[in-house]
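Structural overview
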Amino acid sequence: MVNRNSMLNVKYIYLLLVCFFNYSIVYGGTLKGRVTEDGGAPLPYATIYIEGTTVGTTTNGDGYYELSTGNGTFTVVCQYVGYKQSSASVTLGAGETKSLDFQLSAEALEMKEVVIRASDEDPAYRIIRSTIARRKHHLEQVRSFQSSIYFKGVMRSRKMPGKFMGQDLGLADLGVDSQGKGVLYLTEEEADYYSDGEREKTVIHSVHESGDRSGLGFSQFPSVISFYENNVSVFGRTSRGFISPISDNALFYYRYKLLGEFQEHGHTVYKIKVTQKRNYEPCFNGTIYITDTDFAIHSLDMMLIKQSGMDMVDTLTLSQVFVPISSDNWVIKSQVLYFTIKFMMFDVTATGVAVYNGQKVNEQIPDSVFSGKVTSLYDKTANKKDSTHWDARPVPLEADERRDFVVKDSISKVINSPRYRDSVRRAGNKVKPMAILLGEPSFTSRENRHTYSFNSLLLGLANDNILNYNTVEGLNVAPKVSIRHKLDSSHTLHTNGAVRYGFSNNHFNAMTGIYVVSRNREWLGRNWTYGVEGGRYVFQFSPENPVIPMFNTWRTLLVRENDMKLYERWELAAFLRRNYGNGLEWMLKTSWQRRLPLENSTDYTLAAEGKGSFTENNPAYLINEATAWEQHDAAIVNIHISWKPGYTYTQYPDYKVANGSSWPRIAIDYQKGIPGIAGSKTDFDKWRFGIRDDVNLHLLGRLRYHLAAGGFLNTNYVSVPDLKHLRGMRGIGYAAPYLTGFQFAPFYTFSNKDRLYGEAHIEYHLNGLLSNKIPLLRQARFYLLVGGNAFYTSSGNYYSEAFVGLDNLGWKLLRILRVDFVQSWDSYMGRNSGIRFGLNMRGVSVVRNNLSESEW
């Protein structure tokens, strides 16, 4: 029988030990010092830790460190990749501070005498093969991981111009001197990290961001980069990744050379040089240290360069140090990322230092830690710590970092003052002729309470030109204005207005809409939008507005081609939209319309005689497909539901934000034409189901697809605007929208009201998979892609096209261009081929301001 009193005594002893341990940490001592090499040069980001524990820190860029310890006697270990480890015994009393410097010598490597014939391989290969054999063991060995993290991220400018493209960059406000040197960004954070292999969570306890007292830093630090994975994700899970030098197939990609070995705490540690066999393959170069018997990673110093397939970053250096917590288990102690970017007149570096303490491996993590799909959680007071909290930071600040905190705090007070903000607003409101001609000018009132935006005069790429030309209206003037008024911190009133006058048909049209956006302040992205709109305006037959007005103007005037087909419409509509901020959104829109057919009113063109030919505004093949095309009234109901499951979230101190999801997005659309309401003739039921995704295949590239099916359940009265229209493109070399458009499909040839249709858009981006074998392409870092678009209907009509292209065209950061060669086939025996140019805005989100899904 278990003695109850003895059990209570054990609990009391345990509690006393816990209290004593906490007391020794809170009221323990502090070690300070500097780590240098034999010549006196500092060793940046060296690792210092207490032997037998996971308590430690790293030096800063100048070699200085500060380590809070318990009181008592213990051994302090200092190590740096490429240098011999050093240790010292230290005794500290409660509250005592001692200085302890380390001077490290370069590793005294030994090379065992081995007779090597010319046909023999380097001894490193035997060690690497053994490490590869143990790779999966070490990967699966850590089933769960917990750690405290101190992270410091700093971005510095080594060169920067005072002006760029005529704009003053304000170097003083950036904390940069007249030579273009200085700290651009600086943050330090303290957090706890949890992972059970499938789920992960970061809890940020404190944030200190230079120049922004309420700054939030990074919600997720750079993850522990595991070289035990076959594919090493340096830039996050969405990146292509790089081949680990100890991956299953590493021997095909790397060369190895044993540089020597040394003894450390009873282990033989092998130093191996790693180099990629072929340029422009996703491989590392550097040094890896492997321990004997368990063949685990002791430390590493790896670099990625342009020849490794880097795009935007010129070089990236990664250093890791591991410490043993058992005879066969090594855990990360520190990780340092350093990268450089040189772009035009800019030269920027960035460093991310992560120090791990209190690591726990394979201990139970409560499910409550991962509740709510929140992957990052901020304490309520995380960005409200006073300066005394940071006096005990584990990595001392460097001289320029200390200065940056002081200077940026002073600058912050100035730039956040009402007077300064108003001066910036007034400067932004100055009328710029080029912005009016080529851009979309906007003006704001005091405190940005009101914003007035206008469309472009000449070069809008959507329906935004003020001046246009077409064969229906001739020269037309179509100014638009959007007014945004902040009602309070949660509600915004939007008023849009547009007028339009055609000088050839003498038609004047005007349209207006009023919308309210109600945002959830505690959940960004969660909102209601509702409003009404009404008036008369000119619309394209396809509600997707496939013909860009600017291009239509050029083609009409220069090559005698009038692709844009128009009609007028009176409309009164109301809509309601709900976005839940979790991947689910829906919209309901009802409208009454009076549709008025239009005819061509001019054939004026600058094109040479005999070049091109104009077509009727109401082509016979399109009119015949519809039930009728006449002046008529229509009552329409539109329902749209979109869902992307699998969202995770970041909980900031005051609000929640969605991180996104790797799941595909599903969309369902239903449109009903209701007869008999206010004279409505329309009588149809149209549906569409779509699914799209962007799948990361890592080293194999990316697969992007958009699949859809739809059709008409009822076709009693289907007018031309209600038909299913393809989003085509013709004539010019500009590409139709990727994954939704068809590059050579005529705009209305395949419009239909069939019972069923299927649509597919598929693109496979190789991301350097084959192009790194082709000399010119691999040096330019242009990537191959292949794909196709297809459309089939139940009546037997089809349109299909295949393409092969190059993307990642450009230079340095400006790699946004894409070119494709396209070949098409269709059921009308049409075959077209040609080149399409477009923008491939990878990683860039397109923000839509079309609150009501309005076509105007």
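Coordinates for the structure precede this section.
Remember, it's a predicted structure, so these values are computed and weren't measured experimentally. (Residues numbered from 1 in each chain as written. Predicted model: local features only at pLDDT ≥ 70, side-chain atom pairs only at ≥ 80, totals over all residues. Heavy atoms only, no water.)

Considerations on the overall build of the chain
Rules: Secondary structure follows DSSP: runs of H or I at least 4 residues long count as helices, runs of E at least 2 residues long count as strands, and numbering of each begins at the N terminus. Remark: exposure states derive from per-residue accessible area (1.4 Å probe, protein chains only) relative to the maximum for the residue type, with buried under 20%, exposed over 50%, and partly exposed in between. Every residue pair with non-hydrogen atoms within 4.5 Å of one another is taken to be in contact. By the counting scheme adopted, Arg and Lys are positive, Glu and Asp are negative, and His together with the chain ends is not counted. Where a charge lies is defined by one atom per residue type, namely NZ (Lys), CZ (Arg), CG (Asp) and CD (Glu).
The helix and strand inventory of the chain stands at 10 helices and 44 strands. Taking the principal axes of the C-alpha coordinates as reference, the chain spans close to 95 × 75 × 70 Å. Burial statistics for the chain: of 856 residues in total, 49% are counted as buried. Residue pairs in contact within the chain that sit at least 24 positions apart in sequence constitute 63% of those at least 6 positions apart. Between the averaged position of the 95 positive side-chain charges in the chain and that of its 85 negative side-chain charges there is a distance of 2 Å.

What to know about the sheet that holds strand 2 (residues 47-50)
To summarise the sheet geometry, strands pair through backbone hydrogen bonds and adopt either a parallel or an antiparallel arrangement. We apply this condition: Pairs of strands are assigned from DSSP output, requiring at least two bridges between the strands. For helices, the axis comes from a line fit to the C-alpha atoms of the stretch in contact; other axes are also lines fit to C-alpha atoms, and the angle between any two N-to-C directions lies between 0 and 180 degrees.
Strand order in this open sheet of 4 strands is 3-2-5-6, and the pairing throughout is antiparallel. A strand with exactly one partner marks an edge of an open sheet, and here the two such strands are strand 3 (56-58) and strand 6 (86-92). Between one strand and the next, the sheet's axes are offset by a mean angle of 20°, whatever the strand orientation. As paired elements, strand 5 (residues 72-79) and strand 6 share 7 bridges and run antiparallel to each other.

Observations regarding the pairing of strand 28 (residues 480-486)
Across 5 bridges, the pairing between strand 25 (residues 450-454) and strand 28 is antiparallel. If you follow Ser-453 over to strand 28, its bridge partner there is Ser-482. Hairpin geometry of strand 28 and strand 29 (residues 491-502) is characterised by an intervening segment of 4 residues between the two adjacent antiparallel strands.

A few points about unusual backbone geometry
Residue Arg-560 is not a glycine yet carries a positive backbone phi of 60°. If you trace the backbone, Arg-560 turns up in the loop between helix 8 (549-559) and strand 32 (566-580). Notably, Arg-781 is not glycine yet its phi reads approximately 60°, a positive angle.

Topic: helix 2 (residues 124-141)
Given 3.6 residues per helical turn, the α-helix brings residues three or four places apart onto the same face. For clarity, the cut-off: Given a helix with a known number of residues, its expected span is that number minus one, times 1.5 Å. Consider a residue and the seven residues that end there alongside the seven that start there; fitting an axis to each set, the bend is the angle between those axes.
An ideal rise of 1.5 Å per residue puts 26 Å on 18 residues; helix 2 measures up with 24 Å between its terminal C-alpha atoms. Along helix 2, the helix axis deviates most sharply at Arg-134, where the bend reaches about 40°. Every buried residue belonging to helix 2 is among Ala-124, Tyr-125, Ile-127, Ile-128, Thr-131, Ile-132, Arg-135, His-138 and Gln-141, and all of these are buried. The secondary structure elements touched by the buried residues of helix 2 are helix 4 (250-253), strand 16 (254-264), strand 17 (267-276), strand 18 (285-291) and strand 21 (329-343).

Re the environment of Leu-739
By the secondary structure assignment, Leu-739 is in the loop between strand 39 (702-717) and strand 40 (757-765). Sequence separation of Leu-739 and Ile-762 is 23 residues, and the distance between their C-alpha atoms is 6.9 Å. If near-sequence neighbours (up to four positions away) are discounted, Leu-739 is found in contact with Arg-692, Arg-704, Tyr-705, His-706, His-761 and Glu-763.

Topic: the pattern of salt bridges
What counts here: A pair is scored as a salt bridge if a Lys or Arg side-chain nitrogen falls within 4 Å of a carboxyl oxygen belonging to Asp or Glu.
All chains considered together, the criterion is met by 36 salt bridges. In this structure, Lys-271 engages Glu-107 in a salt bridge whose closest nitrogen and oxygen atoms are separated by 3.8 Å. One end of the pair, Lys-271, is in strand 17; the other, Glu-107, is in the loop between strand 8 (102-104) and helix 2, with 164 residues separating them in the sequence. You can call Lys-271 buried: its relative accessible area is 16%. Residue Glu-107 is classed as buried on the basis of its relative accessible area of 13%.

Notes on the pairing of strand 1 (residues 30-37)
Relative to strand 7 (residues 97-99), strand 1 runs parallel, the two being bridged by 3 bridges. Across the sheet, Lys-32 pairs through a bridge with Ser-99, a residue of strand 7. Taken together, the 5 bridges between strand 1 and strand 4 (residues 64-68) define a ladder with antiparallel strand orientation. Residue pairing across strands places Arg-34 opposite Tyr-64, the latter belonging to strand 4. Of the pairings in the sheet, the one linking strand 1 to strand 8 comprises 3 bridges and is parallel in character. Across the sheet, residue Thr-36 finds its bridge partner in strand 8, namely Gln-103.

Concerning helix 5 (residues 399-415)
Which entries qualify depends on this criterion: Directions are taken from the helix axis to each C-beta atom, and the arc is the one they span.
In this model helix 5 runs 24 Å from its N-terminal to its C-terminal C-alpha over 17 residues, within 8% of the 24 Å that 1.5 Å per residue would give. Asp-400, Glu-401, Asp-404, Phe-405, Lys-408, Ile-411 and Ser-412 are the residues of helix 5 that are buried. Taken end-on, helix 5 shows its buried residues confined to a sector of 145°, consistent with a single buried face. Projecting away from the buried face of helix 5 at angles above 90 degrees are the exposed residues Arg-403, Val-406 and Lys-413. Residues of helix 5 that are buried sit in contact with strand 9 (145-159), helix 3 (171-174), strand 12 (182-195) and strand 13 (200-209).

Some details on the packing of aromatic side chains
The following threshold applies: Note on aromatic pairs: the rings of Phe, Tyr and Trp (six-membered ring only in Trp) are paired at centre separations within 6.5 Å, and the planes decide the class, stacked below 30 degrees, edge-to-face beyond 60, tilted for the rest. Lysine NZ or arginine CZ positioned within 6 Å of the ring centre and within 35 degrees of the ring normal marks a charge as sitting over the ring.
Following the criterion strictly, the structure yields 34 aromatic pairs and no others. For the pair Phe-262 and Tyr-289, a centre-to-centre distance of 6.2 Å together with 65° between the ring planes defines the contact as edge-to-face. Within this pair, whereas Phe-262 is found in strand 16, its partner Tyr-289 is found in strand 18, the two being separated by 27 residues in sequence. Grouping residues by exposure puts Phe-262 and Tyr-289 together as buried. For the ring pair Tyr-469 and Tyr-604, a centre distance of 6.5 Å and an interplane angle of 80° mean the geometry is edge-to-face. Of the two residues, Tyr-469 is situated in strand 26 (residues 467-470) and Tyr-604 in the loop between strand 33 (584-597) and helix 9 (620-625); the sequence distance between them amounts to 135 residues. These aromatic residues form a ring-pair network of at least three members: Tyr-537, Phe-539, Phe-541, Tyr-567, Trp-629 and Tyr-748. Between Lys-656 and the ring centre of Trp-523, over which it is positioned, the NZ or CZ distance is 4.3 Å. Cation over ring: Arg-818 sits above Tyr-738, and NZ or CZ is 3.7 Å from the ring centre.

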